Each structure stands twice: as structure tokens, then as C-alpha cells.
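# Descriptive analysis of the structure
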Amino acid sequence: MNPRINTIDFNERSFLAIWEVTQACDLACVHCRASAQPDRHPMELNTAEGKDLIDQIADMRVPVFVLTGGDPIKRPDLFELIEHARSLGVRVSLTPSATPLLTRETVGRLKEAGLARLAVSMDGASAATHDLFRGMSGSFARTLDAVRWANEIGLPVQINTTFSRRNIGEIDAIVALIESLNITLWSVFFLVPTGRGKLNDLLSAGEFEQAFAKIYSLSLSASFDIKTTEAQHYRRFLLQQKVAERKAGEIAVIPEKVADAIGRAPRGLNDGKGFVFISHVGEVFPSGFLPVSGGNIRQQSLSSIYRESPLFRALRDTSKLEGKCGACEFKEICGGSRSRAYALTGNPYGEEPCCSYIPRGYSRPVAGPKTATNLHVLQGA
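Below, the structure is looked at part by part.

Rules used in this analysis
- Residues numbered from 1 in each chain as written.
- Predicted model: local features only at pLDDT ≥ 70, side-chain atom pairs only at ≥ 80, totals over all residues.
- Heavy atoms only, no water.
- Buried < 20%, exposed > 50% of the residue type's maximum accessible area, 1.4 Å probe, protein only.
- Helix = DSSP H or I, 4+ residues; strand = E, 2+ residues; numbered from the N terminus.
- Contact = heavy atoms within 4.5 Å.
- Core = buried A, V, L, I, M, F, W, Y, C linked by side-chain atoms within 4.5 Å.
- Pairing = 2+ DSSP bridges.
- Axes fitted to C-alpha atoms, helices over the stretch in contact; angles between N-to-C directions.
- Parallel < 35°, antiparallel > 145°, perpendicular 65-115°, else oblique.
- Left-handed = near helix turned anticlockwise from the far one by under 90°.
- Nonpolar A, V, L, I, M, F, W, Y, C, P; charged D, E, K, R; others polar.

## Some words on helix H5 (residues 127-134)
Within H5, the full set of buried residues consists of Thr129, His130, Asp131, Phe133 and Arg134. Elements that come into contact with the buried residues of H5 comprise strand E4 (117-121), helix H6 (139-153) and strand E5 (157-163). Looking one or two residues past H5, Gly135 carries a phi angle of roughly 75 degrees, positive in sign.

Rendered as C-alpha cells:
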């Protein structure tokens, strides 16, 4: 583990910054947080504004910078932006959509421009599941093609998978497929019901734990690294596993993976705490899944928003956590998904709704009359 990364002060700078360069996309994914649409927004950050944002990322020394969407390939200046980042020493990852725009030639141009990692999504073990998830026939085949094309030119590949009720039954088959591919990182996302994501597709707390067990088991043998997104309580699961193994005298060692110089996040990273998301129109959010703005880079610098906005400062203060998250002995390394708490309750400081762990000595308060949350009202639940 890189000691420089582990000593990042989350009050001063983010470990991970994601820029949603556009919301335009030709897919209609069932879980899309952005509710992407085919056309670009007229108020998107322009090329000059995008380069200025990249300058700020470089000045803040953010270790991991991701260009996402929508589909970033819908921006004609994408290669110019990547080249600008490379000129400043900023390592860029990209999450394109697997549409006809993602060609062998495009992958080659991305590598030539200086892209450090290509991240493609795989949300099913078969075309039937994945293409239904993504809303376009042929997306699964294009994903596999993109992996092969990147491998051929030595461009590191990351696979992103979002688990929900629609595909959790295929987790073993998805794992088997990913193990057959030459990738650097498997990034496992857990649904946050926002955008097109539906409450009925959210996994239960027990299903989270079952998925954690499978991910941990794979981490002991996989040739690639594994990280989770919007599953902060996986860190609690890992510590519990280590304690159980130590007591049993069977300490499993997760082997070091082949690194491609993009660092791993330290413990404690959470929405607004080591993580910042910049929207296509410059709004600065704690996460792409937590649509509460701390400011806009058209009016303020990214560093001032991240360091000084009341929203970001409050999200980094674990004393503000409520419910069992506030009482949990793991809150400094976990803290629960602030995005999921907000999506289900309208309160970003509420407890993680998909965690089965009960903190030591915690007694849940007597519940008052049940009221509908914003999400329930919007989805008719």
C-alpha cells in the first residue's frame, strides 16, 4: 500500500474525483443514477472549463481521476481533455458505454491520448441479462470486445458491476466470467435507488452480507484487485473476518496484486470524505449518488467547495451520524453509505439501511408513526 496515499488528509483533499463530462448516452440502463439521455446538455462545461477543472485536480494532487457520464465518448473534445490531463501528470480512467461508438479505433486513440485505465461495465454473465440491464442489444458483446482490444494494446482494464435484485442471482457466474478475463480491477457497485434505480431492486441487508462473503473469498485468490462502491460496510465485514480467522488460527492473506500505479483508497473514504463528484454542469456533489450540491465550479474553486462547504464538512464529521451508524464502533472506517441513507430517508446522516450489523450495546429507539419518505412518494411505494 502506498504510504503517501494512506496519509491523505480528507479534510484537505479528495482521494477520488469523478467528472461527469456529459449525461448524453445511447443506453437506457435500468440503474442509471443520471437518467442519461441521447443528447448533450447545452450548459455542459465547455472545453476551456474542463481544462480548468483538470488544472484544479492537478493542483489538489488528487490521486484518482475518472471521466464518466452518460457516455464520455459523446464529447468530441474527449481526447483533447485526456491529453491535457496527461500533460499535467494527472492519471485518467474512463468509463465509456458499450455502444457502437466504442470501437477498436476509439480504444486505440484513448491509449494514444494518454488514458491510464479503461473501465467497462459487466452486469450479467450472459448477453440476455447484461443487455436487458443496459437497454441495448449487443452491449455485452461490445464489452468483451473492448476488453480484448485494450488487452491487445496494453491498456489496463477495469470491470464495473452493479449488483441489484436483477442480477444478484448470477454473481457466481459473473465472477467466473470475470476471472477468465485479463483485468486489473473489479469494481463492485451496490445499487443506490436514485435516477432510474428502483427501490424494489435494492438488495436486503442479508443479501449484502452474502455478496460480501463471495467477494472476500474471491479476493484471496484473484489475480486482480477488488474494490466496492456504496458498500462502505464491506470494511466492517473484512475486519470481522480477520478477527474470526485470528481466533481460529487461520489467517488468510490477500495477495498483493500487480499494480498499474493507480492507488487503492484508504479506509474511511465515503461520500464527501475523500470523494468528490463534479456534474456535467459544474455542480459539486459528495457522490454521484447523493444529489445535494456543495457549490458550482463556475462560481467557486473545487478546493474551496470540497474543504469549506458546510455540506462536505458535515459529511466528514462522524459525530453527525444518526441511528446505529452513529453508535457503531466501525464508523470511522465505514460510516455507511450516505447516498443510500439519503435516497431512502432524505437524511444524508441517517443510518445505512442495508447493513445487518447491530453495534455493541446499541438499543434501537422505539419507532414513532411511519411517514413516507421522498423516495417512497416519488416511486409510489
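## What to know about the nonpolar core
In terms of nonpolar packing, the biggest core is built from 88 residues, with Trp19, Leu118, Trp186 and Phe190 touching the most fellow members. With 6 residues, the single largest contributor to this core is helix H8 (residues 205-219).

## Some details on unusual backbone geometry
For the peptide bond that leads from Gly69 to Gly70, omega is 20 degrees, which places it in the cis range. The phi torsion at Arg61 lies on the positive side, around 55 degrees, for a residue other than glycine. With respect to the helices and strands, Arg61 occurs in the loop between helix H2 (47-60) and strand E2 (64-68). Even without glycine at this site, Glu230 takes up a positive phi of about 55 degrees. With respect to the helices, strands and loops of the structure, Glu230 is situated in the loop between strand E7 (225-229) and helix H9 (234-248). Classification of Glu230 as buried rests on a relative accessible area of 5%.

## Quick notes on the pairing of strand E8 (residues 275-278)
Here E8 shows a buried face lined by Phe275 and Phe277 and a second buried face lined by Val276 and Ile278. Direction of pairing for strand E1 (residues 16-20) relative to E8: parallel, over a ladder of 4 bridges. For Leu16, the partnering residue across the bridge sits in E8 and is Phe275. In terms of strand pairing, E8 meets strand E9 (residues 284-285) through 2 bridges, oriented antiparallel. Its bridge partner being in E9, Ile278 is matched across the sheet by Val284. The turn joining E8 and E9, which pair antiparallel and follow one another in sequence, is formed by 5 residues; a positive phi near 95 degrees is taken by Gly282.

## Notes on the packing of helix H4 (residues 104-113) against H6
Where H4 meets H6, the axes come as close as 10 Å, and the angle between the chain directions of the two elements is 45 degrees. Overall, the two elements H4 and H6 adopt an arrangement that is oblique. Where H4 crosses over H6, the two elements pack in a sense that is right-handed. The segment H4 lies against H6, with Arg104, Val107, Gly108 and Lys111 engaging Arg148, Trp149, Ala150, Glu152 and Ile153. A per-class count over the contact of H4 with H6 returns 4 nonpolar, 1 polar and 4 charged.

## Quick look at the environment of Thr318
Along the chain, the position of Thr318 falls in the loop between helix H11 (310-315) and helix H12 (323-327). For Thr318, a relative accessible area of 13% corresponds to the buried category. A C-alpha to C-alpha distance of 6.9 Å links Thr318 and Lys331, two positions 13 residues apart in sequence. Setting aside chain neighbours within four positions, we find Thr318 in contact with Lys273, Lys331 and Glu332.

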